[in-house]
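Okay, here's what each chain looks like letter by letter:
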Amino acid sequence: MADLDQLRDGLHISVSQIRTYLRCPRSFELRYVLGAQPAFKPVPFAFGTSFHAALARFYLAVKEEGAPPPLQLVNDAFRDAWQRELESDLPLQADDDEPADTGALVDKGTEMLAVFHDHAVKNLDGVKVEAVEQPFSVSLTDPDTGVEMEEKLVGALDLVMKKGRKRQIVEHKSSARKFSDDQIKYDIQPTAYRLAGKAMGMGDVKVTYQIVTKAKSSMLQIVDLDRNEEDELEFQRVAVGVMRAVDAGAFMPVRGWQCRGCPHQHVCRPPRPKLAAAG
Ligand code: SF4
């Protein structure tokens, strides 16, 4: 299968794009339509990317060598990825509830990886890792008209594994705190992944979040996400609605908490249009 960058060459939409539009359409426009240069990269994004790289390294080793790698290898993957983030052209900017100190962040990442590694090693019995960072591109249909959309839903599944006859899609998360009941109930990502898994022939696949918290004392939260066909229809209705709004050029700003950490705040307000001089 093509890699994610190749899939993004065609007309597409991703869960992250849908979330961005729902949070603030102007932010979507600046990021995906105008390609405006952000002023910084939020630390949680950079941290999450590095944490994902470390967990992907763990499961790739399990897939290729049939045994869990030592914690040191996972820590090294995290540090390498974090270093790449530090060396990128964009400066990192911490959120209010994040430590800004790089050393403290690396220590926190290392502590979180120890919590993850301890759990993962104990839970590999009978598990076959089938895919790590599996890209997907699946069709979307307007549930109200039955018309298949030109754009594909694209993304990548962090982990696909099989235990006995049951297949499971696992999404890794690093989070400031435990996921709330509302996040678990309404997040669109597991619905999108279930839809993708079914389209890829995985049948009635289970989607699980493996969340490691950055709280003072890190902990692991494992959540099975219950989604059904009604949720899938609703997700497609949302995705199609966003695509139609984008096509129509509906990019209104939505001001609120999201503006505080917005990397496009410096270009959010376009210059005031010049008014024609009165008669
Ligand atoms: S500053 Fe606020 S309104 Fe403007 S793009 Fe960012 S999130 Fe949207």
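Residues numbered from 1 in each chain as written. Predicted model: local features only at pLDDT ≥ 70, side-chain atom pairs only at ≥ 80, totals over all residues. Heavy atoms only, no water.

## Some thoughts on the packing of helix α4 (residues 43–65) against helix α6 (residues 102–122)
Now for step 1: Contact geometry of α4 with α6 gives a least axis separation of 11 Å together with a crossing angle of 35°. Crossing hand, α4 versus α6: right-handed. For the pair α4 and α6, the contacting residues are V43, F47, F51, A54, L55, F58 and Y59 in the first and L105, G109, M112, L113, F116, H117, A120 and V121 in the second.
Now for step 2: Looking at the contact of α4 with α6, its residues break down into 13 nonpolar, 2 polar and no charged. (Axes fitted to C-alpha atoms, helices over the stretch in contact; angles between N-to-C directions. Helix = DSSP H or I, 4+ residues; strand = E, 2+ residues; numbered from the N terminus. Left-handed = near helix turned anticlockwise from the far one by under 90°. Contact = heavy atoms within 4.5 Å. Nonpolar A, V, L, I, M, F, W, Y, C, P; charged D, E, K, R; others polar.)

## Topic: the domain arrangement of the protein chain
Now for step 1: You can read the domains of the protein chain as domain 1 (24–125) and domain 2 (127–246).
Now for step 2: Each of domain 1 and domain 2 was reduced to a C-alpha centroid, and the two centroids are 20 Å apart.
Now for step 3: The interface is formed by 23 residues belonging to domain 1 together with 27 residues belonging to domain 2.
Now for step 4: For the pair domain 1 and domain 2, the two sides together bury roughly 2000 Å², of which 66% comes from carbon and sulfur.
Now for step 5: Taken together, domain 1 and domain 2 are joined by 0 salt bridges.
Now for step 6: Between domain 1 and domain 2 we count 9 residue pairs in polar contact (both at pLDDT 80 or more) in total.
Now for step 7: For the side of domain 1 that touches domain 2, the elements supplying multiple residues, two or more each, are α4 and α6.
Now for step 8: In terms of residue count, the dominant contributor to the side of domain 1 that touches domain 2 is α4 (11 residues).
Now for step 9: Tallied by class, the residues present in the side of domain 1 that touches domain 2 amount to 13 nonpolar, 4 polar and 6 charged. (Domains from an automatic or database assignment. Buried area = accessible area lost by both parts, 1.4 Å probe. Salt bridge = Lys/Arg side-chain N within 4 Å of Asp/Glu carboxyl O. Polar contact = N/O pair within 3.5 Å; in protein donor to acceptor, adjacent residues only side chain to side chain.)

## Here's the deal with the site of the ligand
Now for step 1: Around the ligand, the structure places C24, R26, S27, L30, P253, V254, R255, Q258, C259, C262, Q265 and C268.
Now for step 2: No other element matches helix α3 (residues 25–33), which puts 3 residues into the shell around the ligand.
Now for step 3: Looking at side-chain class alone, the shell around the ligand contains 7 nonpolar, 3 polar and 2 charged residues. (Near = heavy atom within 4 Å.)

## Digging into helix α2 (residues 15–23)
Now for step 1: Listing the buried residues of α2 in full gives V15, Q17, I18, T20 and Y21.
Now for step 2: Against the buried residues of α2 lie β1 (12–13), α3, β5 (148–163), α8 (188–199) and α9 (229–247). (Buried < 20%, exposed > 50% of the residue type's maximum accessible area, 1.4 Å probe, protein only.)

## Brief notes about the pattern of salt bridges
Pairs can form between side chains of opposite charge whenever their charged atoms are close.
Now for step 1: This model, assessed by the stated rule, comprises 15 salt bridges.
Now for step 2: Among the ionic pairs, R19 bridges to D187, the shortest N-O distance being 2.7 Å. With R19 in helix α2 and D187 in the loop between α7 (181–186) and α8, this residue pair connects regions lying 168 residues apart in the sequence.
Now for step 3: For R19, a relative accessible area of 29% translates into the label partly exposed.
Now for step 4: By relative accessible area, which is 13% here, D187 ends up buried.
Now for step 5: Measuring nitrogen to oxygen at the nearest pair gives 2.6 Å for the salt bridge that ties R167 to E130. Here E130 lies in strand β4 (residues 127–141) and R167 lies in strand β6 (residues 166–175), a separation of 37 residues in the sequence.
Now for step 6: Look at R167 and you get partly exposed, because its relative accessible area is 24%.
Now for step 7: Residues joined in a network through salt bridges with shared partners are R194, K198, D204, E229 and E232.

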